[in-house]
Amino acid sequence: MAAVQETVDHVKSLDVTEYKYGFVSNIESEKSPKGLSEETVRFISAKKNEPAWLTEWRLDAYRRWLTMPSPDWSRVNHPPIDYQDLYYYSAPKSTPGPKSIDDVDPELLRVYEKLGIPLREQELLAGVQTSKVAVDAVFDSVSVATTFKTELAKFGVIFCSFSEAVHNHPELVKKYLGSVVPVTDNYFATLNSAVFSDGSFVYIPPGVRCPMELSTYFRINEPNTGQFERTLIVADKGAYVSYLEGCTAPKRDENQLHAAVVELVALEDAEIKYSTVQNWYPGDADGKGGIYNFVTKRGDCREDNAKISWTQVETGSAITWKYPSCILRGDNSRGEFYSIAISNGKQQVDSGTKMVHLGKNTTSRIISKGIAAGRSDNTYRGLVSAHRKATNARNFTNCDSLLIGEHCGAHTVPYIEAKTATAVFEHEATTSKISEDQLFYCRQRGLSGEEATALIVNGFVRDVLQQLPMEFAVEAQKLIAISLEGSVG
Amino acid sequence: MLEVKNLHVEIDGKKILDGLNLTVRDGEVAAIMGPNGSGKSTLSYVIAGRSDYEVTEGEVLLDGENILEIEPEERAAKGIFLAFQYPVEIPGVATMTFLKASLNAQRKARGDADLSTPDFMRLVRAAAASLEVNPDMMKRPLNVGFSGGEKKRMEILQMALLEPRLGLLDETDSGLDIDALRIVANGVNALRAANRGFLVITHYQRLLDYIKPDVVHIMSKGRIIKTGTAELALELEKNGYRDYVADAA
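Just so you know, these numbers come straight off a predicted model, no measurement behind them.

## A word on the overall build of chain B
Here's step 1: The helix and strand tally for chain B stands at nine helices and 10 strands.
Here's step 2: Compactness check: chain B gives a C-alpha radius of gyration of 18 Å against a globular reference of 18 Å for 249 residues, within 12% of the reference.
Here's step 3: Along the three orthogonal principal directions, the C-alpha set of chain B runs to about 55 × 40 × 35 Å.
Here's step 4: Taken across its 249 residues, chain B has 55% of its residues classed as buried.
Here's step 5: Of the contacts made within chain B by residues no fewer than 6 positions apart, 69% connect residues no fewer than 24 positions apart.
Here's step 6: Carbon and sulfur atoms make up 47% of the accessible area of chain B, which totals about 10,800 Å².
Here's step 7: In chain B, which carries 30 positive and 37 negative side-chain charges, the distance between the mean positions of the two groups comes to 3 Å.

Shown next, in the form of structure tokens:
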């Protein structure tokens, strides 16, 4: 504890003034020109003092992006995105945000209160524009990372921002960046490659079991700004890491674009467990506002006996377009995908996974629970494929959908491709509705309609919740209850 | 405690209850018997607050208050408990979790604090023991994969925990073998109290051998057509409903 306190005090003394300066004085100079051009890409790269190879890498992505069409195969609808109307580098608000907690929408505060986020953090989340709060925020986040660093350095674990990694560990970044999600992968990944601002970098050296859960908390704060973060996690031979990612965003009337890329690399005998609780602002009941969440997440079991496990709880975003996938390249490697996707109001979810079996005796498991309420649409889209050489590939898939009310939709779109006769792929799918009988039974015992729905839904998703680390499971349970509010009656 | 006055109920435009009058007094066990389709289950659902039924006329008073205007969960908190004929499965929700959520929801509605986990566990264990419910069952999802007898015992266990003012037993004897019937009946008898009433709906005299009613009502075509003592049930067992149904027609 003492050491932690020391670090905290140290960081406080160092960074508070520095950040205050950055926040107040550098506002104008940190703003990139609106819109997307080679100039924007160079601007971002220059701001981060990036080496020439990375600038070129970004420019290459940008030029390719210009030739790509926006994908239209998913079951989501939105007006065309005007990429020239966005800021691509974290720019401050042009209109004043709430000045104090009193100006913040009480509805939003109520939500955070329910989440158990302390008041000062609530101010932060609501985007209250006072330097003190902002400084505290930065202080808090830096201190956490720094505390981790001190502890983690003993084990040789690197956990830092992506920008830091570019400067301090260029050899690792150069070796692994884009090696799982190539620059040309897809429209949004290519866009991200051109303009990504920051993100997290993790490296676990050979044989090291990371002694604590690593966690990053993402927040989109500024209006009219796209968020493009980039996460790269490498587990070297025999290493293990569990990584948690949390996301929230303040309420804004306009849609905001979030196009992140996450790359995981697991070498021989390594294991990566990646958990997400995504609670981006979903828009209001009429579908106004909310985040467009177009994310590319992929893990590469690059060598034998590697294991990658994705667990996600998706409750937020106006549109979710996300397929955390595993490339099972090494023999005996294993991929897992556990997902809870909840949609309410007018949210649209098109999510699932890809399990690409390339190595021998590779196994994968997919458990997906989709819950649709309100007027939302919830699609599971998944690919399980076995290459010719992937002898004895095994997959088990279970996709369950739960409907709440009369106006929502659940869709399951599985693609199964086996090019070897030795593959065994199993697929189970069910669609059910919360029945009037169940609701009445619970209400007869004293539970309100909403309590009953939350209880039934929590039962429905239990298999997946059990995959989450404890703290996240509790948070996820609360989130489920909150995101289904107003779905009954 | 319970007064049903001139109750008229329809479902999808079809009349089910037709001016039903009924009283259950404190400490009383009232049995309702009647042929299929006479509206017995409808009566229990309407008292508990199921929304598919339309009450076109009449009142249901609990301790003098008309409960027809309030939500099912509010009625539950005021002490209405329905032991379902077909208990519903709640997949993935451990029985223990469900029981705790219900009990605390009712306590909250009445302005009481949540029960502590040790106190709750003590209550549940005692109730489970008296109903010969295997403690392992409490970890399983509610009613999922339970046998007919286990489901009915679980209903009575819930009633014991929730300590209602009025217990409605809707054909609790259906699907029970003789041993299970005895266990369930003993469970109900143990709950008989001066401040609690029971409305026991059944087709058969058999249950009433174990749960001795203070009063027996015969129901037909949505009304109570005869009220008597426990003797009435015995008579019915011998002669069937024919005489009464014919009278009512």
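## Brief notes about the confidence of the model for chain A
Residue and element names in this part refer to chain A.
Here's step 1: For chain A, the average pLDDT comes to 78, and 76% of its residues sit at 70 or higher.
Here's step 2: Highest mean pLDDT in chain A belongs to strand 12 (residues 325–328) (97); lowest belongs to helix 1 (residues 2–25) (32).
Here's step 3: Here residues 1–29 is a poorly scored stretch, pLDDT under 50, and it has 25 contacts once near neighbours within four places are set aside; other chains count.

## A look at unusual backbone geometry
Residue and element names in this part refer to chain B.
Here's step 1: Phi at D63 takes a positive value of approximately 50°, unusual for a residue other than glycine.
Here's step 2: Structurally, the position occupied by D63 is in the loop between strand 4 (54–62) and strand 5 (65–66).
Here's step 3: Note on D63: relative accessible area 46%, which makes it partly exposed.
Here's step 4: The residue K221 is not glycine, and still its phi comes out positive at about 50°.
Here's step 5: When you line up the elements, K221 lands in the loop between strand 9 (215–220) and strand 10 (223–228).
Here's step 6: For K221, a relative accessible area of 53% gives the class exposed.

## Some details on the pattern of salt bridges
Here's step 1: Scanning the entire structure with this criterion turns up 34 salt bridges over all chains.
Here's step 2: Within this structure, E271(A), K307(A), R334(A) and E336(A) form a network of salt bridges that share partners.

## Structural notes on the pairing of strand 7 (residues 261–266) of chain A
All names here are of chain A.
Here's step 1: Of all six residues in strand 7, six are buried; the element is thus mostly enclosed.
Here's step 2: Because side chains alternate across strand 7, one face comprises the buried residues V261, E263 and V265, and the other comprises V262, L264 and A266, equally buried.
Here's step 3: Examined bridge by bridge, strand 4 (residues 230–235) and strand 7 share six bridges and lie parallel to one another. Within strand 7, the position partnered with V234 by the bridge is V265.

## Considerations on the confidence of the model for chain B
Here's step 1: On average, residues of chain B score 92 in pLDDT, and 98% of them reach the 70 mark or higher.
Here's step 2: Interface scoring of the predicted complex returns ipTM 0.96; its pTM is 0.78.

## Thoughts on the layout of surface pockets
Here's step 1: Empty space within the second largest pocket amounts to approximately 1,100 Å³.
Here's step 2: Lining the second largest pocket are 27 residues, with A454(A), L455(A), N458(A), Q477(A) and A101(B) sitting closest to its centre.
Here's step 3: Listed by contribution, the elements that provide at least two residues to the lining of the second largest pocket are helix 12 (449–460), helix 13 (462–465) and helix 14 (470–483) of chain A together with helix 3 (95–109) of chain B.
Here's step 4: A breakdown of the residues in the lining of the second largest pocket according to their chemical character gives 11 nonpolar, seven polar and nine charged.

## Some points on helix 11 (residues 436–444) of chain A
Residues and elements named next belong to chain A.
Here's step 1: Of all the nine residues making up helix 11, seven are buried; the element is thus mostly covered by neighbouring parts of the structure.
Here's step 2: Of all the positions in helix 11, only Q438, L439, F440, Y441, C442, R443 and Q444 are classed as buried.
Here's step 3: Among the residues trailing helix 11, G446 stands out with phi positive, at a value near 110°.

## Quick notes on the sheet that holds strand 1 (residues 2–11) of chain B
Residue and element names in this part refer to chain B.
Here's step 1: Overall, antiparallel pairing links the four strands, which are arranged 2-1-4-5 in an open sheet. Bordering the open sheet on either side are strand 2 (14–24) and strand 5, each of which pairs with just one other strand.
Here's step 2: Summarising the sheet, strand 1 and strand 2 pair through eight bridges and their orientation is antiparallel. From the neighbouring strand, E3 faces strand 2, where its bridge partner is T23.

## Overview of the environment of P164(B)
Residue and element names in this part refer to chain B.
Here's step 1: Locating P164 in the fold gives a position in the loop between helix 5 (148–162) and strand 7 (166–170).
Here's step 2: P164 gets classed as buried once you look at its relative accessible area, which sits at 5%.
Here's step 3: The sequence separation of P164 and S116 amounts to 48 residues, and the corresponding C-alpha distance is 20 Å.
Here's step 4: In this view, P164 contacts G79, F81, M159 and R196; residues no more than four positions away in its chain are not counted.

## Here's the deal with the sheet that holds strand 10 of chain B
Residue and element names in this part refer to chain B.
Here's step 1: On the basis of which strands lie adjacent, the open sheet formed by six strands has the order 6-7-8-3-9-10 and mixed pairing. Strand pairing shows two members of the sheet lacking a second neighbour, strand 6 (80–83) and strand 10, which therefore form its edges. Across the sheet, the mean angle separating the axes of adjacent strands is 20° when strand polarity is ignored.

## Considerations on empty space enclosed by the protein
Residue and element names in this part refer to chain A.
Here's step 1: The tally for this structure, following the rule as stated, stands at five cavities of 30 Å³ or more.
Here's step 2: As a volume, the largest cavity reaches approximately 110 Å³.
Here's step 3: Along the walls of the largest cavity sit 19 residues, with S368, G370, N378, T379 and Y380 positioned nearest its centre.
Here's step 4: Contributions of two or more residues to the lining of the largest cavity are made by strand 13 (334–343), strand 14 (348–357), strand 15 (363–372), strand 16 (377–386), strand 17 (394–403) and strand 18 (409–418).
Here's step 5: Here the lining of the largest cavity takes four residues from strand 15, the largest share from any one element.
Here's step 6: Among the residues forming the lining of the largest cavity, the class breakdown is six nonpolar, 11 polar and two charged.
Here's step 7: Here the second largest cavity defines a volume of roughly 70 Å³.
Here's step 8: In terms of lining residues, the second largest cavity is bounded by 13 residues, among which E245, H258, N293, V295 and K297 are the most central.
Here's step 9: Contributions of two or more residues to the lining of the second largest cavity are made by strand 5 (240–248), strand 8 (271–279) and strand 9 (290–301).

How each quantity is defined
Residues numbered from 1 in each chain as written. Chains lettered and ligands numbered in written order. Predicted model: local features only at pLDDT ≥ 70, side-chain atom pairs only at ≥ 80, totals over all residues. Heavy atoms only, no water. Helix = DSSP H or I, 4+ residues; strand = E, 2+ residues; numbered from the N terminus. Rg over C-alpha atoms; globule rule 2.2 N^0.38 Å. Buried < 20%, exposed > 50% of the residue type's maximum accessible area, 1.4 Å probe, protein only. Contact = heavy atoms within 4.5 Å. Areas by Shrake-Rupley, 256 points an atom, 1.4 Å probe, with all protein chains shown as cover. Lys, Arg positive; Asp, Glu negative; His and termini not counted. Charge placed at Lys NZ, Arg CZ, Asp CG, Glu CD. pLDDT = per-residue confidence, 0-100. Salt bridge = Lys/Arg side-chain N within 4 Å of Asp/Glu carboxyl O. Pairing = 2+ DSSP bridges. 1 Å grid on protein atoms, 1.4 Å probe; cavity = no way out; pocket = protein on both sides within 12 Å on 5 of 7 lines; lining within 4 Å. Points joined across faces, edges and corners; volume = space filled by probe spheres on them. Nonpolar A, V, L, I, M, F, W, Y, C, P; charged D, E, K, R; others polar. Axes fitted to C-alpha atoms, helices over the stretch in contact; angles between N-to-C directions.

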